[in-house]
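# Topology and contacts: notes
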Amino acid sequence: MRIAIIGAGIAGLAAARELQAADMPVTVYDKARGPGGRFGSKRTPHGPMDLGAQYFTARDPAFREAVSEWQSAGVIAPWSVTPMVLPERQPARPEIRLVAVPRMSALARHMAEGLYLETGVQISEITRELGGWVLRERHGKTLGEFDAVIVTAPAPQAQSLLAEPTPMLATAAGTARMQPCWSVGLVLETPLDIDVDAGFPSSGPLRWIARAGSRPQRPHSPEIWTLHATPAWSEANIEWSPEAAGEFLAEAFSELIRRSPSVKERIAHRWRFAQARNPLGDSAGFIESDDILCAGDWVADGRVEGAWHSGRAAARQLVTRAGKHSTVF
Ligand SMILES: Cc1cc2nc3c(=O)[nH]c(=O)nc-3n(C[C@H](O)[C@H](O)[C@H](O)COP(=O)(O)OP(=O)(O)OC[C@H]3O[C@@H](n4cnc5c(N)ncnc54)[C@H](O)[C@@H]3O)c2cc1C
């Protein structure tokens, strides 16, 4: 069985590893320069910045097993931080918050080791032909024929890819709403003298702030803060320029912490599809029709853990169908 996976985020990589462990040939395509998707790092002149997922939790035993393998491999570590609800300064729920080290993209690179991964390839068409499902990239080049395809793009992107080959899955993807997020890396001239390393603002345009250097294995200099806007603010201002969004959110940060940090640079990133607002919550973890399977955080639950489960479940379905056994993790 020849399998293609669209997307090398956590869901796509979890699926690929499961299939590879069952000796099933799989090719992973991602339109970005490297794997990781929303669990990645942005290259900047100040080094890699964590502007997407900030940390993840591991609540399910199967996922904890994967986490412990990653911890042994040295690609993730716990972030000993107690985020504060601000400005009330109430500690947020205590839980083990995990991050990849020394940067978020390290986990995806580890998961991608040994896989057949083609980056910089945007799939624009999936069509049924005599030999199976044919994938074409955005310049029209045919990439090959596959017996099954796992689509792990965020819901709106999956919806447009699936409209032609499987309208039923496209309709399902259309019901999963994804929230946008403006994310800003604030590079400071001098460190901030506040005793908070991370926080959830309880009002205003920000919903998350974090001092990058408080995470394990991150440089302390220059001091960088990550700011995330609320879904409501991001949605209302999604078409702002990165400069305008960065300036506005940096000002909101100053007001929140009641300081006027000397800012060297602001690097803003617009996530149009950051997190699933109403994941389908499918109990199988994936949806399928006619040898096309959809996985990702929007199918299962809107977090890293959900994405991993979803990708793995989709792959297991194909492994079972092929009558094979996988032994990964
Ligand atoms: C700002 C932000 C903060 C977050 N905070 C947290 C958090 O604190 N904790 C947490 O658990 N989760 C958090 N998340 C959510 C978490 O990042 C996601 O749930 C998870 O990474 C989703 O993984 P995925 O594989 O389902 O999707 P993605 O990571 O989106 O992977 C999909 C991949 O598909 C690729 N792709 C899309 N279309 C195509 C195409 N046509 N052809 C080829 N490739 C394509 C994309 O490039 C991408 O790499 C956050 C996300 C964001 C953006």
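Computed from a predicted model, the values in this text were never measured in an experiment.

This part takes up the site of the ligand. Neighbouring residues of the ligand: 36 residues in total, closest A11, D30, R38, Y55 and D297. At a separation of 2.8 Å, a nitrogen atom of the ligand approaches a polar backbone atom of Y55. Between the ligand and R303 there is a distance of 3.5 Å, counted from an oxygen atom to a backbone nitrogen or oxygen. Protein coverage of the free-state accessible area of the ligand, which is 1000 Å², stands at 94%. Sorting the residues of the shell around the ligand by element identifies α1 (10-21), β2 (26-30), α4 (155-162), β16 (263-276) and α8 (304-321) as the ones contributing at least two each. Split by residue class, the shell around the ligand holds 18 nonpolar, 13 polar and five charged. Mapped onto the domain boundaries, the shell around the ligand takes at least three residues apiece from domain 1 (3-40 + 106-176 + 278-321) and domain 2 (54-103 + 178-277).

Attention now goes to a positive patch on the surface. Side chains of R33, K42, R43, R103 and R109 sit close together on the surface and give a patch of like positive charge. Mapped onto the elements of the fold, R33 is located in the loop between β2 and α2 (61-72).

Turning our eyes to something else, we now look at the nonpolar core. Counting 52 residues, the largest nonpolar core has L19, F56, W70, I76, L107 and I150 as its most contacted members. With eight residues, the single largest contributor to this core is α8. Ignoring sequence-local partners within four residues, the contact set of I76 consists of F56, V67, W70, Q71, L98, V99, A100, V101 and L107. One finds I126, V149, V151 and I292 within the second-largest nonpolar core, a separate group that totals 28 residues.

By domain assignment, the chain separates into domain 1 (3-40 + 106-176 + 278-321) and domain 2 (54-103 + 178-277). Using only C-alpha atoms to locate each centre, domain 1 and domain 2 end up separated by 28 Å. Listed by partner, the interface residues are 23 residues for domain 1 and 24 residues for domain 2. At the boundary of domain 1 with domain 2, total buried surface from both sides reaches about 1900 Å², with 68% on carbon and sulfur atoms. Where domain 1 meets domain 2, there are zero salt bridges.

Now for the sheet that holds strand β11 (residues 148-151). With respect to topology, six strands assemble into an open sheet ordered β7-β2-β1-β11-β18-β17, the strand pairing being mixed. Where the open sheet ends on each side, the last strands, each with one partner, are β7 (116-119) and β17 (287-289). On average, each strand axis in the sheet is tilted by 20 degrees relative to the strand beside it, whichever way the strands run. The sheet strands contacting α1 are β1 (3-6), β2 and β11, and the helix crosses β1 at an angle near 160 degrees. Along the sheet, α8 makes contact with β1, β11, β17 and β18 (292-294), crossing β11 at roughly 165 degrees.

Moving on, we get to the sheet that holds strand β14 (residues 206-211). Sheet strands pair by backbone hydrogen bonding; their relative direction is either parallel or antiparallel. Taken in spatial order, the seven strands make up an open sheet running β5-β4-β13-β14-β15-β12-β16, and their pairing is mixed. For this open sheet the edge positions go to β5 (90-91) and β16, each flanked by a neighbour on one side alone. Along the sheet, helix α7 (residues 242-257) makes contact with β4 (84-86), β12 (178-188), β13 (198-201), β14, β15 (224-229) and β16, crossing β12 at roughly 75 degrees.

Over its 16 residues, α7 runs 22 Å from end to end, which matches the ideal 22 Å to within 8%, given 1.5 Å per residue. Buried residues of α7: A245, G246, L249, A250, A252, F253, S254, L256 and I257, and no others. Just downstream of α7, R258 is the residue with a positive phi angle, here 55 degrees.

Counting across every chain of the model gives 21 salt bridges. In this structure, the salt-bridge partner of R59 is E95, at a minimum N-O distance of 2.9 Å. In this pair, R59 sits in the loop between β2 and α2 while E95 sits in the loop between β5 and β6 (98-100), placing the two residues 36 residues apart along the sequence. Taking the relative accessible area as the measure of exposure, E95 reaches 26% and is therefore partly exposed. Ionic pairing is found between E235 and R277, a salt bridge with its closest N-O pair at 4.0 Å. Residue E235 is found in helix α6 (residues 231-236), and its partner R277 is found in the loop between β16 and β17; the two are separated by 42 residues along the sequence.

Packed helices, taken two at a time, are described by the angle their axes make and the gap between the axes. Packing of α2 against α8 brings their axes to within 10 Å, and their N-to-C directions diverge by 105 degrees. Taken together, the axes of α2 and α8 lie roughly perpendicular to each other. Where α2 abuts α8, its residues A62, F63, A66 and W70 lie against V304, E305, W308, H309 and R312. Partitioning the contact of α2 with α8 into residue classes produces six nonpolar, one polar and two charged.

The terminal C-alpha atoms of α2 lie 17 Å apart, and with 12 residues this matches the ideal 16 Å at 1.5 Å per residue to within 8%. Considered for burial, the residues of α2 that qualify are F63, A66, V67 and W70. In an axial view of α2, the angular spread of the buried residues amounts to 100 degrees, which keeps them on one side of the axis. Along α2, exposed side chains directed more than 90 degrees from the buried face belong to P61 and S72. The N-cap of α2, judged by a side-chain oxygen 2.8 Å from the amide nitrogen of A62 a few residues on, is D60. Where α2 terminates, the next one or two residues include G74, which has phi positive at roughly 75 degrees.

Rules behind the numbers
- The residue numbers shown here count from 1 along each chain, following its written sequence.
- Thresholds applied to this predicted model are a pLDDT of at least 70 for local features of residues and 80 or more for the giving and counting of side-chain atom pairs; totals over whole chains, interfaces and linings are not thresholded and use all residues.
- Note: side-chain values were computed over all heavy atoms of the structure, leaving out hydrogens and water.
- When at least one non-hydrogen atom of a residue lies within 4 Å of a molecule or strand, that residue is treated as near it.
- The term polar contact refers here to a pair of N or O atoms within 3.5 Å; inside protein, the definition further demands a hydrogen-donor-capable atom paired with an acceptor-capable atom, and it admits residues adjacent in sequence only when both atoms are side-chain atoms.
- In this description, accessible areas are obtained by the Shrake-Rupley approach with a 1.4 Å probe, and a residue is regarded as covered only by the protein chains that are shown.
- Strands are runs of DSSP state E lasting at least 2 residues, helices are runs of H or I lasting at least 4, and numbering of each runs from the N terminus.
- Only Asp, Glu, Lys and Arg are considered charged in this grouping, and only Ala, Val, Leu, Ile, Met, Phe, Trp, Tyr, Cys and Pro are considered nonpolar; every other residue, Gly among them, is considered polar.
- Where each domain starts and ends comes from a domain assignment, either automatic or drawn from a database.
- The patch calculation keeps residues exceeding 30% relative accessible area without a salt bridge and links them within 9 Å when they carry like charges or within 5 Å when they are nonpolar (Val, Leu, Ile, Met, Phe, Trp, Tyr).
- Any Lys or Arg side-chain nitrogen located within 4 Å of an Asp or Glu carboxyl oxygen qualifies as a salt bridge.
- Counted as positive: Lys and Arg. Counted as negative: Asp and Glu. His and the chain ends are not counted at all.
- Charge placement uses NZ in Lys and CZ in Arg. For Asp and Glu, CG and CD serve respectively.
- The criterion is simple. A nonpolar core is a set of buried Ala, Val, Leu, Ile, Met, Phe, Trp, Tyr and Cys residues joined through side-chain atoms within 4.5 Å.
- Exposure classes here rest on a 1.4 Å probe applied to the protein chains alone. A residue is buried below 20% of its type maximum, exposed above 50%, and partly exposed in between.
- The contact rule is simple, with two residues in contact once any of their heavy atoms fall within 4.5 Å.
- Here the quantity called buried area is the total loss of accessible area, with a 1.4 Å probe, experienced by two parts when brought into contact, counted for both.
- For two strands to count as paired, DSSP must find a minimum of two bridges between them.
- Lines fitted to the C-alpha atoms define the axes, with helices restricted to the stretch that makes contact. Angles between their N-to-C directions range from 0 to 180 degrees.
- Here a helix's expected span is defined as the number of its residues, less one, multiplied by 1.5 Å.
- Comment on the angle field: the value is read as roughly parallel under 35 degrees, roughly antiparallel over 145, roughly perpendicular from 65 to 115, and oblique elsewhere.
- Throughout, the arc means the angular range of directions from the helix axis out to the C-beta atoms.

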